[in-house]
Amino acid sequence: MVAENRKLRTSDPDYKDDLVLYESVSSMLETAGKRPRYWYKYCARKDANTGYPLEALFQILISQKLSEEVVLKLLRLLRLGVSSCSSLDASAKDRKRIVKARAEDYAVSLQGDEEAVPISFVLNTATLKKFIYHFLLEWNISAIRSEAQEALKAIWNRLRTENAQDLVAMMTCCCHMLPIAPEYGQRASEFLTLIQWLFAPD
């Protein structure tokens, strides 16, 4: 249970707020997992009241102090919103194939849609560096780092069908993080593996 995993008192107000957030995000992820195409299309368009869902997810992740359980689920929501993977439990090989196929499908299905979300929001240098630094280098939880890598791969595959210039910008930003990577041991090795994948994703 969440209460056992987090080892927090049930009388703690912060814990109660966190539990409500956890349950809400869990419900969203369950729905997105069952209806990935609906979630995919919802994230593809600008909402009149809340703006771009993907951008909101990204900003929440990099600007808020959240529990690891909530972060993991938000990263999965971000990935589903970008790639519309048919299964959150797909193998790494199948997920790679699905991500690429869905990225191409996304470009076709949203062709001519003026409200389609610009995935290039992630290429703001400061934002992307903060995401990489926080989720790929600082986090001690391997599941968090793994899910963050999958989110970046999904974004990369989307960019391959949308904008070559933004693709280069993302690669350049990742490479600029390399000088500090050796400070993080095993996490640096994982990050270098990701960089290698970006150079040759096929």
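Residues numbered from 1 in each chain as written. Predicted model: local features only at pLDDT ≥ 70, side-chain atom pairs only at ≥ 80, totals over all residues. Heavy atoms only, no water.

As a further point, take the overall build of the protein. Counting its secondary structure elements, the protein contains ten helices and zero strands. The order of helices and strands in the protein, counted from the N terminus, is α-α-α-α-α-α-α-α-α-α. Contacts in the protein between residues at least 24 apart in sequence constitute 69% of all its contacts with a sequence separation of at least 6. About 10900 Å² of surface is accessible on the protein, with carbon and sulfur atoms providing 50% of the total. (Helix = DSSP H or I, 4+ residues; strand = E, 2+ residues; numbered from the N terminus. Contact = heavy atoms within 4.5 Å. Areas by Shrake-Rupley, 256 points an atom, 1.4 Å probe, with all protein chains shown as cover.)

With that settled, the discussion passes to the packing of aromatic side chains. A complete count under the given rule lists four aromatic pairs for this structure. Centroid distance phenylalanine 131 to phenylalanine 135: 4.9 Å. Interplanar angle 50 degrees. Geometry classified as tilted. Here phenylalanine 131 pairs with phenylalanine 135, and both are found in helix H7 (residues 125-138), just four residues apart, close to one helical turn. For the residue pair phenylalanine 131 and phenylalanine 135, the accessibility class agrees, reading buried in each case. Their ring planes at 90 degrees and their centres at 6.1 Å tell us that tyrosine 133 and tyrosine 184 sit as a pair that is edge-to-face. Of the two residues, tyrosine 133 sits in helix H7 while tyrosine 184 sits in the loop between helix H9 (164-176) and helix H10 (186-199), which places them 51 residues apart along the sequence. (Phe/Tyr/Trp six-rings, centres within 6.5 Å; stacked < 30°, edge-to-face > 60°. Buried < 20%, exposed > 50% of the residue type's maximum accessible area, 1.4 Å probe, protein only.)

With 16 residues, helix H5 (residues 68-83) extends 22 Å from end C-alpha to end C-alpha; this agrees with the ideal 22 Å at 1.5 Å per step. Among the 16 residues that make up H5, 14 are buried, leaving the element largely enclosed by the rest of the structure. (Expected span 1.5 Å × (residues − 1).)

Looking now at the pattern of salt bridges. What the rule picks out here adds up to four salt bridges. The closest approach of N and O atoms between arginine 76 and glutamate 147, which form a salt bridge, is 3.5 Å. With a gap of 71 residues between them, arginine 76 in helix H5 and glutamate 147 in helix H8 (residues 142-162) connect regions that are remote in the sequence. For arginine 76, a relative accessible area of 27% translates into the label partly exposed. Given the relative accessible area of 6%, glutamate 147 is considered buried. When salt bridges that share partners are traced, they join Arg76, Arg79 and Glu147 into one network. (Salt bridge = Lys/Arg side-chain N within 4 Å of Asp/Glu carboxyl O.)

Right, let's talk about the nonpolar core for a bit. Phe135 and Phe191 are the most contacted members of the largest nonpolar core, which totals 51 residues. Listed by contribution, the elements that provide at least two residues to this core are helix H2 (13-34), helix H3 (36-43), helix H4 (53-63), H5, H7, H8, H9 and H10. Among the elements that make up this core, the one with the highest residue count is H5 (nine residues). (Core = buried A, V, L, I, M, F, W, Y, C linked by side-chain atoms within 4.5 Å.)

Contact geometry of H9 with H10 gives a least axis separation of 11 Å together with a crossing angle of 155 degrees. In terms of orientation, H9 and H10 fall into the roughly antiparallel class. The element H9 and its partner H10 pack so that their crossing is left-handed. Each of Met171, Cys174 and Cys175 in H9 lies in contact with H10, whose residues at this interface are Phe191, Ile195, Leu198 and Phe199. Its residues assigned to classes, the contact of H9 with H10 shows seven nonpolar, no polar and no charged. (Axes fitted to C-alpha atoms, helices over the stretch in contact; angles between N-to-C directions. Parallel < 35°, antiparallel > 145°, perpendicular 65-115°, else oblique. Left-handed = near helix turned anticlockwise from the far one by under 90°. Nonpolar A, V, L, I, M, F, W, Y, C, P; charged D, E, K, R; others polar.)

At a minimum axis distance of 10 Å, the contact between H4 and H7 shows a crossing angle of 55 degrees. As the angle between them shows, H4 and H7 are arranged oblique. Relative to H7, H4 is oriented so that their crossing is left-handed. For the pair H4 and H7, contact is made by Phe58, Gln59, Leu61 and Ile62 and by Thr127, Lys130, Phe131 and Phe135, respectively.

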